[in-house]
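# Architecture at a glance
Residues per chain, in single letters:
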Amino acid sequence: MNRRSHFFVFVSIIALLMFCKIEISRAAGATNTVYDFTGDKNIINPFPEVITPAEVEELQRTTVSSRPFPWIEKIYYTEIGQEFSLQTSHEANLTSWTNYYKKSLSRIDSFIFIPRVKKDYVLEVDGEIRNLKYSYAQAAADGSIPLDENTAVEGHLPFTLYINGKLVGEKLTENKKFTYNMSENQAFIHIIYHVPPECDTIIGSNAINQEGSGASPTFTAFVPLVTANFHFVEDSAYRQLSNLQPQAKLSPRSQGDSNDRFSAKPFVALALKDLKAPYVSGPAPFDCDKISKFATPFLSFAGDTVERQERFNRKLTLEQLISTPIPGYIYIDNDIDQPENNVWDENSVKNKGNFCFSFAVGKNKEKLTAKHYYLTYAAIPTELIIKADAPANYADGKFSLYALNSAGEKELIIADLSDNREVAATANLSGKELSSLLRGSEAVKGSLRQVGKRLFLQPGKYKLVANNKINGLTAAPPEQDFTVGTLTKSSAAEKLTITFTYKQNSPSQPPTPSKQQATDAPLTTAAPTQAQQIGKVAKTGETEQTPSYLSLYFLLCGSLLLLSGHFAPINKRN
């Protein structure tokens, strides 16, 4: 084989390999080839319900040049669990670079129309449809989500592309280039971006160019909106649910989470009844710092600006929040996550953390956008005054206090209370004294707080029982039920006095007969009363017995025998 033949074989092999590579690339759906639709004929608007025929006609009629580049774009974003439709999907605001969303997104649809330009110098248009960039943080095994620049993952959204109603590629993971002759054709482009539910901020743009004149469709960002909800609840209910002692201080909700920067724990709402409507801070945008720095405190702080307060919809400081008044209640504690050293100022909030707006990912990869924190309040108690109304030694009276449940059943709170009338003249507790009482370590027995002889009861139903006599006198009645209500106006502990009156027991007397009854009744001897019998026994020291019927029988027989013996001589003499 000569040298020319070798060269011919070599070129043939190279051509064959290139052909095979092209065919393999086509079969594999490669996206790095340029899509040319210059030859499209009879183009019809494939989405007239989005970009209307009137809009197409108007732009086509007014377009006389490619400078500035003429185009129309409309973007819609659809939340997870919904299908795309103009009724349920949300249209993006393209006048502002940032669009905010509340729930996880399932898809973003971009619709683009480019008119024809009938000019000899207007030839090819080059364009590129790109994967939008997004960030997200992977949830840990315990469900928490460490959102920061060190752990957040960057990704690119796959997209499905239609041009002039034809499917160009489905779920493409690489950018797709296209070209066409702008003087010959119109272009209708539909891009569907497929959004994973765990993603955070989405950002990006596409590119279209015609000899230096171009556009950047889909130049926008999608940022999640999140809130922080602050609930006002009963302190006792919170402690019961959390298995906390009355004097224990509440811990921040995120404490103990293995991911202590952005914990998922505050996103779980507790089954507690609100005393009033929660205060909602936000909605505010959030990003995990991977693309843009949107992590920001959910409460205002010293040095905060009005512009930032309005932008992030945060109005109250922590001090203002815990000063929220609730009639009949007083603030006790909270479980709010706070900056380092619990200081809210310009310096302390620079390091982002759980005191910031954030989101979490649920078990089903749903986006959780609402944090829940709790401020606990205790009902202002009523001070109980027990008064034993006895002639002397009233302090000897002892009383038991019971709580009554909804069924009327009683549960003992304390059994050794005594008359405490001397505290009735003391001033009512209010303000710091009352707060100190309810937070302090004073004797706590159920719903009772006891400080010396001062007794403070939380709202509820109670029973007070007199345990003993005083100088032989008995309380009448021996027990009293009463209710402690929730105060609606006062901010101080009011007093409630329960009085027991002690009296001598009076013996029971037989009813006095009427005059007619006295005349008609047979003459009988009244039987002694039980009290008289007891008194007689006590006086004589003898045991009193009632004769039996057998004794009466023998007594009667003996009497008859004596009578018969007495009358026998008389009968004999006759």
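Fair warning: this is a prediction, and the values are worked out from it, not measured in the lab.

## With respect to the overall build of the protein
- A tally of helices and strands in the protein yields nine helices and 31 strands.
- The 574 residues of the protein split such that 42% are buried.
- Of the contacts made within the protein by residues no fewer than 6 positions apart, 75% connect residues no fewer than 24 positions apart.
- Carbon and sulfur atoms form 54% of the exposed surface of the protein, whose accessible area is close to 32500 Å².

## Quick look at the nonpolar core
- Formed by 33 residues in total, the largest nonpolar core has its most connected members in Ile 108, Ile 114, Ile 189, Ile 202 and Phe 222.
- Broken down by secondary-structure element, the contributors of at least two residues to this core are strand 2 (72-79), strand 5 (105-114), strand 6 (124-129), strand 9 (159-163), strand 11 (176-181), strand 12 (187-194) and strand 13 (199-204).
- If sequence neighbours within four positions are ignored, Ile 108 has contacts with Ile 75, Tyr 76, Tyr 77, Ile 191, Ile 192, Tyr 193, Val 195, Ile 202 and Phe 222.

## Considering the sheet that holds strand 1 (residues 34-36)
- The mixed open sheet is built from five strands, whose spatial order is 1-11-6-14-15. Both edges of this open sheet fall to strand 1 and strand 15 (213-215), since each of them pairs with a single strand only. Strand-to-strand twist in this sheet, taken as the mean axis angle between neighbours without regard to direction, amounts to 20°.

## Comments concerning the side chain of Asp 333
- As for its placement among the helices and strands, Asp 333 is situated in strand 18 (residues 329-334).
- Classification of Asp 333 as buried rests on a relative accessible area of 9%.
- Here the side chain of Asp 333 touches Lys 249 through a polar contact of 3.5 Å, side chain to side chain.
- Setting aside anything within four residues of it in sequence, one finds Asp 333 in contact with Lys 249, Leu 250, Tyr 374, Leu 375 and Thr 376.

## Some thoughts on the pattern of salt bridges
- Within this structure, the stated rule accounts for 17 salt bridges.
- The residue Lys 166 makes a salt bridge to Asp 40 at a minimum N-O spacing of 3.1 Å. One end of the pair, Lys 166, is in strand 10 (residues 166-172); the other, Asp 40, is in the loop between strand 1 and helix 2 (53-62), with 126 residues separating them in the sequence.
- Judged by relative accessible area, which is 43%, Lys 166 ranks as partly exposed.

## Considering the packing of aromatic side chains
- Counted under the stated rule, the structure contains 23 aromatic pairs.
- Measuring from centroid to centroid gives 6.4 Å for Phe 298 and Phe 357, while their planes differ by 80°, and the two rings are edge-to-face. Here Phe 298, found in the loop between strand 17 (274-285) and helix 4 (306-311), pairs with Phe 357, found in the loop between strand 18 and strand 19 (360-361); they are 59 residues apart in sequence, far enough to count as distant. Comparing Phe 298 with Phe 357, the two get one shared label, buried.
- Through a chain of ring-to-ring contacts, the aromatic side chains of Phe 230, Tyr 279, Phe 298, Trp 344, Phe 355, Phe 357 and Tyr 373 assemble into a single cluster.
- In this arrangement the basic side chain of Lys 276 is found over the ring face of Phe 232, its NZ or CZ atom lying 5.8 Å from the centre.
- Note that Arg 421 overlies the ring of Tyr 394, its terminal NZ or CZ placed 3.7 Å from the centroid.

## Some remarks on the side chain of Asn 229
- Inspection of the secondary structure assignment puts Asn 229 in strand 16 (residues 220-234).
- Assessed through its relative accessible area of 11%, Asn 229 is described here as buried.
- In contact with Asn 229, other than residues within four places in its own chain, are Tyr 279, Val 280, Ala 370, Lys 371, His 372 and Tyr 373.

## Comments concerning the sheet that holds strand 30 (residues 479-484)
- Read from one edge of the open sheet, four strands run 24-23-28-30, paired in antiparallel fashion. At either margin of the open sheet sits one strand with a lone partner, and together these are strand 24 (410-418) and strand 30. Sheet twist, expressed as the mean angle between neighbouring strand axes with direction ignored, is 25°.
- Here six bridges tie strand 28 (residues 460-466) to strand 30, and the two strands are oriented antiparallel to one another. Its bridge partner lying in strand 30, Leu 464 is registered against Gln 480.

Procedures and definitions
- Residues numbered from 1 in each chain as written.
- Predicted model: local features only at pLDDT ≥ 70, side-chain atom pairs only at ≥ 80, totals over all residues.
- Heavy atoms only, no water.
- Helix = DSSP H or I, 4+ residues; strand = E, 2+ residues; numbered from the N terminus.
- Buried < 20%, exposed > 50% of the residue type's maximum accessible area, 1.4 Å probe, protein only.
- Contact = heavy atoms within 4.5 Å.
- Areas by Shrake-Rupley, 256 points an atom, 1.4 Å probe, with all protein chains shown as cover.
- Core = buried A, V, L, I, M, F, W, Y, C linked by side-chain atoms within 4.5 Å.
- Pairing = 2+ DSSP bridges.
- Axes fitted to C-alpha atoms, helices over the stretch in contact; angles between N-to-C directions.
- Polar contact = N/O pair within 3.5 Å; in protein donor to acceptor, adjacent residues only side chain to side chain.
- Salt bridge = Lys/Arg side-chain N within 4 Å of Asp/Glu carboxyl O.
- Phe/Tyr/Trp six-rings, centres within 6.5 Å; stacked < 30°, edge-to-face > 60°.
- Lys NZ or Arg CZ within 6 Å of the ring centre and 35° of its normal.

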